[in-house]
Amino acid sequence: MTSLTALCTLLAVTALLIILSYIAWQGIGSLSFQFLIDSPKPVGEGGGIGNAILGSLVLLLISSVFGLPLGICVGVYLSEVGTGRLAGAVRFIVDTLTGIPSIVTGVFVYAIIVLPMKHFSALAGGVALALIMIPIVARTTEEMLKLVPHSLREGALALGAPQWRVTMGVIIPAAAPGIATGAMLAIARISGETAPLLFTAFGSRFFPSSLNQPIASLTVQIYNYAISPYDEWHAQAWAATLVLMTLVLGINIIVRFLTRKRF
Amino acid sequence: MTQILNRDLNPDLRSASSVVKTKMAVRNLDFFYGRVQALHNISLEIPERIVMAFIGPSGCGKSTFLRTLNRMNDVIPATRVGGQVLIDDHDIYAPGTDVVELRRRVGMVFQKSNPFPKSIFENVAYGLRINRVTGSSSELAGRVEEALKDAALWNEVKDRLKTSALSLSGGQQQRLCIARALAIRPEVLLMDEPASALDPIATSKIEELIFDLKKQYTIVIVTHNMQQAARVSDTTAFFLLGKLIEVNATEKMFTAPNEKLTEDYITGRFG
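A quick note: this is a predicted structure, and the numbers were derived from the prediction, not measured. (Residues numbered from 1 in each chain as written. Chains lettered and ligands numbered in written order. Predicted model: local features only at pLDDT ≥ 70, side-chain atom pairs only at ≥ 80, totals over all residues. Heavy atoms only, no water.)

Undergrad: Help me out: how do you make sense of the overall build of chain B in this one?
TA: A tally of regular secondary structure across chain B gives 12 helices and 10 strands. Here the C-alpha radius of gyration of chain B, 18 Å, is about what a compact globule of 271 residues would show, namely 18 Å. Taking the principal axes of its C-alpha atoms as reference, chain B extends roughly 55 × 50 × 35 Å. Here chain B holds 271 residues, and 53% of them are scored as buried. Intrachain contacts of chain B at a sequence separation of at least 6 include 67% that bridge at least 24 residues. In the form shown here, chain B has an accessible surface area of approximately 11900 Å², with 51% of it arising from carbon and sulfur atoms. Positive and negative side-chain charges in chain B, numbering 34 and 31 respectively, have mean positions lying 5 Å apart. (Helix = DSSP H or I, 4+ residues; strand = E, 2+ residues; numbered from the N terminus. Rg over C-alpha atoms; globule rule 2.2 N^0.38 Å. Buried < 20%, exposed > 50% of the residue type's maximum accessible area, 1.4 Å probe, protein only. Contact = heavy atoms within 4.5 Å. Areas by Shrake-Rupley, 256 points an atom, 1.4 Å probe, with all protein chains shown as cover. Lys, Arg positive; Asp, Glu negative; His and termini not counted. Charge placed at Lys NZ, Arg CZ, Asp CG, Glu CD.)

Set out below in structure tokens:
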């Protein structure tokens, strides 16, 4: 038993380490400070991924602005407000949304935002990512709120607090570290998404100038460079992958750091 | 403990209970969890500024009954109440009753201490803030200090009001919860086995506290511990299987109860 589980663990960890070290080995060569701040240039002239890094951050910001408040509100509804069949139905829908392939979300946003506006935009990309975030944030928020002991609710109610003040003043603050963790994990998750951005944010070879224009992102840039026929772009795709991986790893480390303080 | 017993027998405090008016009156109260009837036709009067103890075996309905007195059972789904509970002759189950206002007047301390994960100060200030009792921050600080003094906790925490309430010991946390309830100056204080999770020293502190508090408050305490009921209360009510068996002056109850069932329970023949 011990040796079997040890073997499985070894396999999984080895796979992960191979992926990480291979990306680092392939990517480190093309990495330079200039690469991190330049915008792309034609083949043979170098260029960088500065616009894509900025674009990814802008997309994360847009999706967080839409997705986090909505997701947290849904979570509060599921845990504190909703009862009976309606809450059950909402919970089922949220679970289903979590399982929707992200390309489907992309197509959906293409249909309801990109087509009517007649062009790709950062906004559409942000909305697509937000749609992926909402169910994740909603469920983690719900779980975290349910971990708050019932005795705290009763204690606040017994002091003459109305329900909404109990929720806002006692329950949500008590669950705040957990809710923040859920939010960070959702951000880490969507920062690696490519499919929903392909025909919403589309990609761009320039620094973003407006939320109403197509915008570059690390994932789409990696995709475009990886399928190109040029060796130089392949090398840049590896370097961009290394940057993306470091970004996601960084977010995860921050999450770990935040959760460590809980008791 | 001897000290408490001696004070318990103080004639000045004793005689006071016989002349005061009724604070809360319960008339023909039935209570249901879904289809299960937990309380059967209970009628009881709680005089002002005394300590009344509820005793009885586990599951006899004494905690359920306590929670009907400030409508804390409202938060449990599928519960139903019949009969009347009056506070100063107003029925708290009458339509249009402001439950928030009721719970301000009838405070509660729970079996397990439940301080909010906030600072010591903010725990006590919570009830004052939500009820907008105090105007200025100095007034708020004054009320918090007063409540902590009333709960005999002030000297232990006055230098660390800003630290987390969760850093206090179990007994201190329970006294903090009492302070939190006292801060909004309720007229009645309900205590649901407030010392059951505490060690003897912390328990005796809570008991002394109850003794001091009855000068200002009407206190109803649920306890599993009959010695505790004998020590702190003026009147004792005995519950069995959702029925009120006997209410009597505490000395009478523990020396010569009227009912055979009460005697059997107190002498340890069951329960």
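Undergrad: What's the story with the packing of helix α3 (residues 50–81) of chain A against helix α6 (residues 122–146) of chain A in this structure? I'm lost.
TA: Helix packing geometry: the angle between the two helix axes and the distance between the axes. Residues and elements named next belong to chain A. At a minimum axis distance of 6 Å, the contact between α3 and α6 shows a crossing angle of 30°. When the axes of α3 and α6 are compared, the pair comes out roughly parallel. Both α3 and α6 take part in a crossing whose hand is right-handed. Residue classes in the contact of α3 with α6 are distributed as 19 nonpolar, 9 polar and 4 charged. (Axes fitted to C-alpha atoms, helices over the stretch in contact; angles between N-to-C directions. Parallel < 35°, antiparallel > 145°, perpendicular 65-115°, else oblique. Left-handed = near helix turned anticlockwise from the far one by under 90°. Nonpolar A, V, L, I, M, F, W, Y, C, P; charged D, E, K, R; others polar.)

Undergrad: How do you make sense of unusual backbone geometry when you look at a structure like this?
TA: What you tend to see is this: most non-glycine residues have negative phi, and most peptide bonds are trans. The backbone phi angle of R71(B) is positive, close to 60°, even though this residue is not glycine. Relative to the elements of secondary structure, R71(B) occurs in the loop between α3 (62–68) and β4 (79–87).

Undergrad: Help me understand the pattern of salt bridges, please; the structure alone is not making it clear to me.
TA: Any two side chains of opposite charge can pair, given that their charged atoms come close. Residue and element names in this part refer to chain B. Inspection of every chain in the model, using the stated rule, returns 24 salt bridges over all chains. A salt bridge links R185 to E146, with the nearest nitrogen and oxygen atoms 3.0 Å apart. Separated by 39 residues along the polypeptide, R185 in the loop between α8 (170–183) and β7 (188–192) and E146 in helix α6 (residues 137–150) bring together distant segments of the chain. Given the relative accessible area of 42%, R185 is considered partly exposed. Residue E146 is classed as partly exposed on the basis of its relative accessible area of 35%. (Salt bridge = Lys/Arg side-chain N within 4 Å of Asp/Glu carboxyl O.)

Undergrad: Teacher, can you tell me more about the interface of chain B and chain A here?
TA: If you look at the interface, chain B gives 25 residues, while chain A gives 17 residues. Contact with chain A buries area across many residues of chain B, yet F116(B), Y126(B) and I130(B) alone supply 28% of it, more than any other trio. In this assembly, chain B and chain A are joined by 1 salt bridge. The tally of links from chain B across to chain A stands at 4 residue pairs in polar contact (both at pLDDT 80 or more). Looking at the side of chain B that touches chain A, the elements that each hand over two or more residues are α4 (99–105), β6 (106–109), α5 (120–130) and α8 of chain B. (Buried area = accessible area lost by both parts, 1.4 Å probe. Polar contact = N/O pair within 3.5 Å; in protein donor to acceptor, adjacent residues only side chain to side chain.)

Undergrad: So what exactly am I meant to see when it comes to the sheet that holds strand β8 (residues 218–222) of chain B here?
TA: Hydrogen bonds between backbone groups are what pair the strands of a sheet, and the pairing can be parallel or antiparallel. Residue and element names in this part refer to chain B. Pairing in this open sheet of 6 strands is mixed, and the strands run β6-β7-β8-β3-β9-β10 from one edge to the other. The two strands at the open ends of the sheet, each matched to only one other strand, are β6 and β10 (243–249). Averaged over all pairs of adjacent strands, the angle between strand axes in this sheet comes to 20°, irrespective of strand direction. (Pairing = 2+ DSSP bridges.)

Undergrad: I keep staring at the packing of aromatic side chains and nothing clicks. Help me out?
TA: Remark: the centre distance and the inter-plane angle together describe each pair of aromatic rings, the angle taken between the planes. Residue and element names in this part refer to chain A. Tallied over the entire structure, the rule returns 13 aromatic pairs over all chains. Between the aromatic rings of Y22 and W238, the centroid separation amounts to 5.4 Å while the plane-to-plane angle is 85°, which identifies the pairing as edge-to-face. Of the two residues, Y22 sits in helix α1 (residues 2–27) while W238 sits in helix α11 (residues 231–260), which places them 216 residues apart along the sequence. Its relative accessible area of 28% is what places W238 among the partly exposed residues. Taken together, the ring pairs connect Y110, F120, F199 and F202 into an aromatic cluster. (Phe/Tyr/Trp six-rings, centres within 6.5 Å; stacked < 30°, edge-to-face > 60°.)

Undergrad: Would you take a moment to explain the side chain of R103(B) for this structure?
TA: The residue R103(B) is located in helix α4 in this model. Notably, R103(B) is buried but unbridged: the nearest opposite-charge side chain belongs to D74(B), and the N-O separation is 4.4 Å. Among the polar contacts listed, one links the side chain of R103(B) to the backbone oxygen of R71(B), at a separation of 2.7 Å. When residues no more than four places from it in sequence are discounted, the contact partners of R103(B) are L157(A), A158(A), G160(A), N70(B), R71(B), M72(B) and D74(B).

Undergrad: Quick question: what am I supposed to make of the sheet that holds strand β1 (residues 22–33) of chain B here?
TA: Read from one edge of the open sheet, 4 strands run β2-β1-β4-β5 (chain B), paired in antiparallel fashion. Either end of the sheet is taken by a strand with one partner, and the two such strands are β2 (36–47) and β5 (90–91) of chain B.

Undergrad: Hey, could you run me through empty space enclosed by the protein in this one?
TA: Residue and element names in this part refer to chain A. On inspection of all chains with the given rule, the structure shows 3 cavities of 30 Å³ or more. The space that makes up the largest cavity amounts to roughly 60 Å³. Every residue lining the largest cavity is listed: S56, L59, L60, L129, I190, S191, E193, L197, S217 and T219. Element by element, the count of residues in the lining of the largest cavity is highest for α3, at 3 residues. (1 Å grid on protein atoms, 1.4 Å probe; cavity = no way out; pocket = protein on both sides within 12 Å on 5 of 7 lines; lining within 4 Å. Points joined across faces, edges and corners; volume = space filled by probe spheres on them.)

Undergrad: Quick question: what am I supposed to make of the layout of surface pockets here?
TA: Rolled over the atoms, a probe sized like a water molecule indicates the empty space that remains. The computed volume of the second largest pocket comes to approximately 330 Å³. If you trace the second largest pocket, you find it lined by S79(A), E80(A), V81(A), G82(A), T83(A), H150(A), R153(A), L157(A), Q163(A), V166(A), V75(B) and P77(B). Considered class by class, the residues forming the lining of the second largest pocket number 5 nonpolar, 5 polar and 2 charged.

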